[in-house]
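# Commentary on secondary and tertiary structure
Single-letter residue listing:
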Amino acid sequence: MTAPPIAALRVAIVLVAVALALALVGIVWSHHAARDAEAGLTEQHAAHAAAQQRLARSREEQRLIEAHQEAYLRFVEAGFIGAEDRLAWIEAVQLASRSVGLAGLEYRLSPRSPAPPGLAQALPLGQTTMTLTMPILVETDLPRFFAALRTRAPGIYRIQGCRLSRVGNEAFKAADQPRLKVECELVWYTLASASQASAS
Amino acid sequence: MTLHHRLILLATPRQIGVLDWRPGRLHWLGDFPATEQGMAAFRAVVAKHSRLPTLVVVDTVDEDYRSEALPHVAGHARTELLDRRLRQVFRNARFVGAWRQTRETTGRRDDRYLFAALTDADWLTPWLAVLQRERVPLYGITPLALASQHLLTRLRPQEPHTLLAYRLNNRLRLSYYHNGQLRFSRLVSSESPTQLPGNAADEIAKTQLYLTGQRILPRESRLSVLLCDPSGQLDSAQAALNADPAFNTRVVDLQSLGRALGIPENFLAETPDVVPLAAIAGDTVELNLAPAELLQPYTEYRWRRGLHALAGTLAGVGLVVTAGYALHAQELRSEAEALARQTQQLDSRYAAIARGFPANLPPPGQLAQTVELAHTLAANRVNVDALYAALGQVLAAYPDVRLDTLSWNEASPPFAAPGARVRLDASLTGFDGNYRAALRRIEALMQHLAAVPSLHEVRLRTSPVNVDSSATLTGQTRNGADPALAAAFSVELVYREETAP
């Protein structure tokens, strides 16, 4: 083909340019529209998935509430959940001591401190150490004391350890004088309630 | 190059005929004499169809054909060679052309060309002036003999040497074709139609002699003659020619023409001029006599068509792609809306369930975790009774062992199983200084402790006598038991209850 007669083809060239421009504008605009729509759909997918998860979780949550509500409320009533009731603890050990027939006991409560993270598992679990010192007549007084304490003590506690030692060095003779001394450490656990945890 | 709608003009010194051609559709627009009125009428017709590509088929006596063999060259060299040779052969003729027909197979393998020219074309100038004034895209000027070649192709002759005797407008055109390619043509014009039939056979014989003399037609070759006359006046020449063994003559009637061209016979009968025009209309023009300056409008036409097609393609592609994206976007939006509705429904259901949750409880996950923690804290506590029973059971068998201190400490969290580290500080009563016996007694105690299922890892923490070579050792000896002498020792062990499976 010969060289194009540019002057005679001005209108046709402009037509091509206009067609190209319109085509590009249309393609770019529609491409953006499709991309925006795709982004919107992706967002909706994410929102839908989140809603599905939330709904599934709610059913699971409902199941958890039904399974654990009663036990939780029992622990609240027992004194494990909520503020420390030190008075109740002291009364419990006193009553246990009396019911076993001990001569008396000394107690010391340490300030409440957070429980180790490995035990608390991010819950607001606190622990208070109670040191008991009491004279006993025979070794079996101690398990009897703990048995009596179990029936009276509110909340949850663990016996961390005890030290049973002789008082004096004399040989045994039947008497009603305590010849043994016991030092025990109890740890009382309490869990702050939701309102207490948010206030702190 | 295939074109779809065009004008084909049949120009003679006396008149010009106009055919409006489309594949499968012919419209004869009429003959226009070479008069002032005819020219004006022709101009009006051309003005109405000025956008159509146009081919002029020329039927004139003033034409010349030469067969030339030239060295095989290509490109610009070929163009220059042909221009030079055409000027040499046809001098200053304006309408000249060359057609490369074949390449020889022997010797130098030259190209064989057919050169053609209109030796006198002044009569054509006014018709061309009309076309130029209207800027008609003229794409060729070709002799009628070449248009007849296309007719011959449709008639499918089997013979290599064919003479087509075509009568049109009282003029007889005799064209010789070798293997279907034009080699020579002449126009026999007659003023009196009654003389033509007799002259036809003579003219054909004369032409045969001329061709043989010019060695265009090989001597002793049999010439196949096709008599083509829509009016039927050439039919009588067949008998005269067939009497000569040099000829093999047959008549091409209207029916054969109609069948070959796909045109109804009645149309051909009414407008016989269309026969050669319809034959060449849809084909490529091999021999173009038009000078370059006359073809300029056609060049513009082709460029313009190409650009319009490009613009249309761009617009079409743009439209398709835009529509595709737009539809895709619409689909995505519809899908997003449907998802949004479903999400709303899910949220409503969640809200309905959440409304039933007790307000005074922690979150359900924490609720379960709290209960589980409480159970963990309350579980696996050391059974003091069992611990003391296990130790007491062993110590009861060793009345000579006086327990001074018994201490135990629970294992650290997470309280997987009840257990405690136990330490016994004791002393052997009635010790007479016999450390060896004391050690045996202590060893027996330790073994007895180890034999208890819930007591493990029994080890002597402190011995009554430290026989370590690195330590200082002091003591006393006595004769007999001395209550003041004591064999104190300390034993450590682990108490571990077996939990129920």
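In this text the structure is predicted, and so the values were computed from the model without any measurement.

## Some thoughts on the overall build of chain B
When helices and strands are tallied, chain B shows 13 helices and 17 strands. A total of 501 residues make up chain B; the buried ones form 46% of that total.

## Description of the packing of aromatic side chains
As enumerated under the stated definition, the model contains 10 aromatic pairs over all chains in all. Their ring planes at 85° and their centres at 5.3 Å tell us that Phe42 of chain B and Trp127 of chain B sit as a pair that is edge-to-face. Of the two residues, Phe42 of chain B sits in helix H1 (residues 36-48) while Trp127 of chain B sits in helix H3 (residues 124-133), which places them 85 residues apart along the sequence. Take Trp127 of chain B: its relative accessible area is 2%, and that puts it in the buried class. Taken together, the aromatic side chains of Trp89, Tyr157 and Trp188 of chain A make up a single cluster linked through ring pairs.

## Focus on the side chain of Glu203 of chain B
Residues and elements named next belong to chain B. Relative to the helices and strands, Glu203 is located in helix H5 (residues 196-213). Within the local environment of Glu203, its side chain forms a polar contact with the side chain of Arg186, the two groups lying 2.8 Å apart. Not counting chain neighbours up to four residues away, the residues in contact with Glu203 comprise Leu172, Leu174, Arg186 and Val188.

## Topic: the sheet that holds strand E10 (residues 171-178) of chain B
All names here are of chain B. Pairing is mixed across the open sheet formed by five strands, whose spatial order is E11-E10-E9-E12-E13. The sheet terminates laterally at strand E11 (181-189) and strand E13 (247-252), the two strands that pair on one side only. Ignoring which end each strand starts from, the neighbouring axes of this sheet average 20° apart. Bridge count between strand E9 (residues 161-168) and E10: eight bridges; the pairing is antiparallel. Paired with Leu168 across the strands is Arg171, a residue of E10.

## A closer look at the pairing of E13 of chain B
All names here are of chain B. The pairing of strand E12 (residues 223-228) with E13 spans six bridges and is parallel. Bridged to Cys228 within E13 is Val252. The β-α-β motif built from E12, the intervening helix H6 (residues 237-242) and the parallel element E13 has right-handed crossover chirality.

## Observations regarding the sheet that holds strand E7 (residues 111-118) of chain B
Residues and elements named next belong to chain B. One open sheet holds the three strands; their spatial order is E5-E7-E6, and the pairing between them is antiparallel. Here the strands that pair on one side only, and so sit at the sheet edges, are strand E5 (63-70) and strand E6 (95-103). Between one strand axis and the next, the sheet turns through 20° on average, direction left out of account. Judged from the eight bridges that link them, E5 and E7 form a sheet pairing that is antiparallel. Directly across from Arg66, in E7, lies its bridge partner Phe115.

## A look at the interface of chain B and chain A
Across the contact, 67 residues belong to chain B and 72 residues belong to chain A. Across the interface of chain B and chain A, roughly 6,400 Å² is buried in total on both sides, 71% from carbon and sulfur atoms. Area buried by chain B at its contact with chain A is led by Trp303, Leu373 and Leu377 of chain B, which between them contribute 10% of it. Along the contact surface separating chain B from chain A lie two salt bridges. A salt bridge links Arg158 of chain A to Glu410 of chain B; its shortest N-O distance comes to 2.6 Å.

## Here's the deal with the pattern of salt bridges
Residue and element names in this part refer to chain B. Summed over the entire model, instances satisfying the criterion amount to 30 salt bridges over all chains. Arg459 serves as the salt-bridge partner of Glu492, at 2.8 Å between the closest nitrogen and oxygen. Placement of Glu492 in strand E17 (residues 487-496) and of Arg459 in strand E16 (residues 455-462) is noted, with a sequence separation of 33 residues between them. A relative accessible area of 17% places Glu492 in the buried class. Its salt-bridge partner being Glu492, residue Arg461 comes within 3.1 Å of it at the nearest N-O pair. Linking Arg461 in strand E16 with Glu492 in strand E17, this pair joins segments that are 31 residues apart in sequence. For Arg461, a relative accessible area of 38% corresponds to the partly exposed category.

## A word on unusual backbone geometry
The phi torsion of most residues other than glycine is negative, and most of the peptide bonds are trans. Residue and element names in this part refer to chain B. Unlike most non-glycine residues, Arg135 shows phi in positive territory, near 55°. Structurally, the position occupied by Arg135 is in the loop between H3 and strand E8 (138-143). Of note in this structure, Arg215 is not a glycine but carries a positive phi near 60°.

## Considerations on the packing of helix H4 (residues 141-152) of chain A against helix H12 (residues 384-395) of chain B
Think of two packed helices as two axes; the pair is described by the angle between the axes and how far apart they sit. H12 of chain B packs onto H4 of chain A with a crossing angle of 165° between their chain directions and a minimal axis gap of 9 Å. As far as their axial angle goes, H12 of chain B and H4 of chain A are roughly antiparallel. The chirality of how H4 of chain A crosses H12 of chain B is left-handed. Seen from H4 of chain A, the contacting residues are Leu142, Pro143 and Phe146 of chain A; seen from H12 of chain B, they are Val384, Asp385 and Tyr388 of chain B. Grouping the amino acids of the contact of H4 of chain A with H12 of chain B by side-chain chemistry returns five nonpolar, no polar and one charged.

Reading the values: the criteria
- Residues numbered from 1 in each chain as written.
- Chains lettered and ligands numbered in written order.
- Predicted model: local features only at pLDDT ≥ 70, side-chain atom pairs only at ≥ 80, totals over all residues.
- Heavy atoms only, no water.
- Helix = DSSP H or I, 4+ residues; strand = E, 2+ residues; numbered from the N terminus.
- Buried < 20%, exposed > 50% of the residue type's maximum accessible area, 1.4 Å probe, protein only.
- Phe/Tyr/Trp six-rings, centres within 6.5 Å; stacked < 30°, edge-to-face > 60°.
- Polar contact = N/O pair within 3.5 Å; in protein donor to acceptor, adjacent residues only side chain to side chain.
- Contact = heavy atoms within 4.5 Å.
- Pairing = 2+ DSSP bridges.
- Axes fitted to C-alpha atoms, helices over the stretch in contact; angles between N-to-C directions.
- Right-handed = clockwise from strand over helix to strand, strands pointing away.
- Buried area = accessible area lost by both parts, 1.4 Å probe.
- Salt bridge = Lys/Arg side-chain N within 4 Å of Asp/Glu carboxyl O.
- Parallel < 35°, antiparallel > 145°, perpendicular 65-115°, else oblique.
- Left-handed = near helix turned anticlockwise from the far one by under 90°.
- Nonpolar A, V, L, I, M, F, W, Y, C, P; charged D, E, K, R; others polar.

Geometric descriptors of this kind do not, in isolation, establish any biological role.
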